[in-house]
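Coordinate analysis (summary)
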Amino acid sequence: GTTATDSSLHGNDGTLVHASEWTDGVYAGALNLNGVNDYVSIPDTAELALETFTVSAWVRVASHSIARDIVSKGEDGGSEGQNLYLRVAADGTLSAGFEVDNGGQVDVSCASAEVLTKWQWHHVATRYDGTSLDLFLDGVPVAATASQAVPDANSHEIRIGAGDDVGFDFTR
């Protein structure tokens with residue numbers, strides 16, 4: 001199908017963009033994103049103006065050559081700021097963060113020293129509770145940054161498998 005159903009029961013279902021294909025995953029189905037323009041688009045709602053959040057995903061990276069957004073909301077450095085991102089950096093490490101003060105004047109972020117093993121499934125997560133931005137890799141805390149900042153609100157969609165410039169591959 002062309003719908004990624006929200007398992008949280010909040011009804012924030014996503015639409016598969018550019019014919020992403022379903023494949024086997026860790027527990028059930030997973031998306032095979034082609035690394036060119038496939039992603040999942042979740043429309044913005046008032047519920048998604050995130051001041052605190054937890055984002056988690058199972059990912060399997062094919063290479064460590066470019067930064068890859070796992071989940072993002074907003075423009076990196078754009079006029080409305082980036083409400084959140086969880087990404088694999090070009091060196092294979094994990095990072096998460098958000099922008100404050102519209103337009104990216106302040107970036108609250110943290111990054112792991114651990115490198116994701118290529119072609120292996122990893123559970124990745126980030127949590128911001130209003131006091132600390134925390135990053136987890138395979139259930140283990142790997143980085144944290146203390147902050148009481150409020151992430152920029154914006155009207156952008158949430159993208160799974162892409163940032164605002166599209167083009168990422170996590171399962172091939």
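Relevant structure appears above.
Bear in mind the structure is a predicted one, so any value in this text is a computation, not a measurement.

1. What about the side chain of Ser132?
When you line up the elements, Ser132 lands in strand β12 (residues 132-137). We classify Ser132 as buried; its relative accessible area is 16%. A polar atom in the side chain of Ser132 sits 2.8 Å from the side chain of Asp134.

2. Focus: the nonpolar core
Ranked by internal contacts, the top residues of the largest apolar core, which has 33 residues, are Phe53, Ile70, Leu86, Leu94, Leu116, Val124 and Leu135. Sequence-distant contacts of Val124, that is, excluding residues within four places in its chain, are made with Val55, Ser56, Ala57, Val59, Ile70, Leu86, Leu94, Leu116, Phe136 and Leu137.

3. Overview of the pattern of salt bridges
Per the counting criterion, the structure on display carries four salt bridges. Notably, a salt bridge pairs Asp134 with Arg127, separated by 2.9 Å at the nearest N-O pair. Using a relative accessible area of 10% as the deciding quantity, one classes Asp134 as buried. Glu157 is the salt-bridge partner of Arg159, the closest N and O atoms lying 2.4 Å from each other. The buried category is assigned to Arg159, whose relative accessible area is 15%.

The rules behind each value
- Residues numbered from 1 in each chain as written.
- Predicted model: local features only at pLDDT ≥ 70, side-chain atom pairs only at ≥ 80, totals over all residues.
- Heavy atoms only, no water.
- Helix = DSSP H or I, 4+ residues; strand = E, 2+ residues; numbered from the N terminus.
- Buried < 20%, exposed > 50% of the residue type's maximum accessible area, 1.4 Å probe, protein only.
- Polar contact = N/O pair within 3.5 Å; in protein donor to acceptor, adjacent residues only side chain to side chain.
- Core = buried A, V, L, I, M, F, W, Y, C linked by side-chain atoms within 4.5 Å.
- Contact = heavy atoms within 4.5 Å.
- Salt bridge = Lys/Arg side-chain N within 4 Å of Asp/Glu carboxyl O.

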